[in-house]
Amino acid sequence: VLIPAASLNRNQKGEATVMLVDDQSLVVSRIVETGRNLGEKILIDSGLKAGDKLIVAGLQMIRAGVPVKIADRHEETAGQVAMKTPSSNFKQKME
């Protein structure tokens, strides 16, 4: 799976992590194994699968366990889903 490099973080142990929205609409952190960098994207060798809801923007505004609501698909632009946290009107973009 190819993801934007900016959506990749490192935890305190130095492991590569990403933030996702799970089936209960909660933010979760997941450890992933990275592969090659391809410009502004990075290949994920394991830890992600097609259909995972990856958070790619606004990462400084979220943390694991926070509930989120994915907005109507009518607000989408190509490859992006708008979401907002229930505690604020801040909209974050996902793809």
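See the structure shown above.
Below: a short report on this structure.

What counts and how
Residues numbered from 1 in each chain as written. Predicted model: local features only at pLDDT ≥ 70, side-chain atom pairs only at ≥ 80, totals over all residues. Heavy atoms only, no water. Core = buried A, V, L, I, M, F, W, Y, C linked by side-chain atoms within 4.5 Å. Buried < 20%, exposed > 50% of the residue type's maximum accessible area, 1.4 Å probe, protein only. Helix = DSSP H or I, 4+ residues; strand = E, 2+ residues; numbered from the N terminus. Contact = heavy atoms within 4.5 Å. Pairing = 2+ DSSP bridges. Axes fitted to C-alpha atoms, helices over the stretch in contact; angles between N-to-C directions. Salt bridge = Lys/Arg side-chain N within 4 Å of Asp/Glu carboxyl O.

1. Some thoughts on the nonpolar core
Next, step 1: Ranked by size, the top nonpolar core spans 11 residues in total: I3, L8, A16, V18, L20, V32, I42, I44, L48, L54 and V56.
Next, step 2: Listed by contribution, the elements that provide at least two residues to this core are β3 (16–21) and β6 (41–46).
Next, step 3: Per element, the largest residue contribution to this core is 3 residues, and it comes from β3.
Next, step 4: Discounting residues that sit within four places of it in the chain, A16 has contacts with L8, N9, R10, R30, I31, V32 and T34.
Next, step 5: Counting 8 residues, the second-largest nonpolar core is a separate cluster that includes V21, V27, I62 and V68.

2. A word on the sheet that holds strand β1 (residues 2–4)
Next, step 1: The 3 strands lie next to each other as β1-β6-β5, forming an open sheet whose pairing is antiparallel. Either end of the sheet is taken by a strand with one partner, and the two such strands are β1 and β5 (33–38). Averaged over neighbouring strand pairs, the angle between their axes works out to 35 degrees when direction is ignored.
Next, step 2: Sheet topology places β1 next to β6; 3 bridges connect them, and they run antiparallel. Its bridge partner lying in β6, I3 is registered against I42.

3. Considering the pattern of salt bridges
Next, step 1: By the definition in use, this model includes 2 salt bridges.
Next, step 2: Note that R30 is salt-bridged to D52, the shortest N-O span being 2.8 Å. Of this pair, R30 sits in strand β4 (residues 27–31) while D52 sits in the loop between β6 and β7 (53–54); the two residues are 22 residues apart in sequence, bridging distant segments of the chain.
Next, step 3: Salt bridges sharing partners connect three or more residues here, namely R30, K49 and D52.

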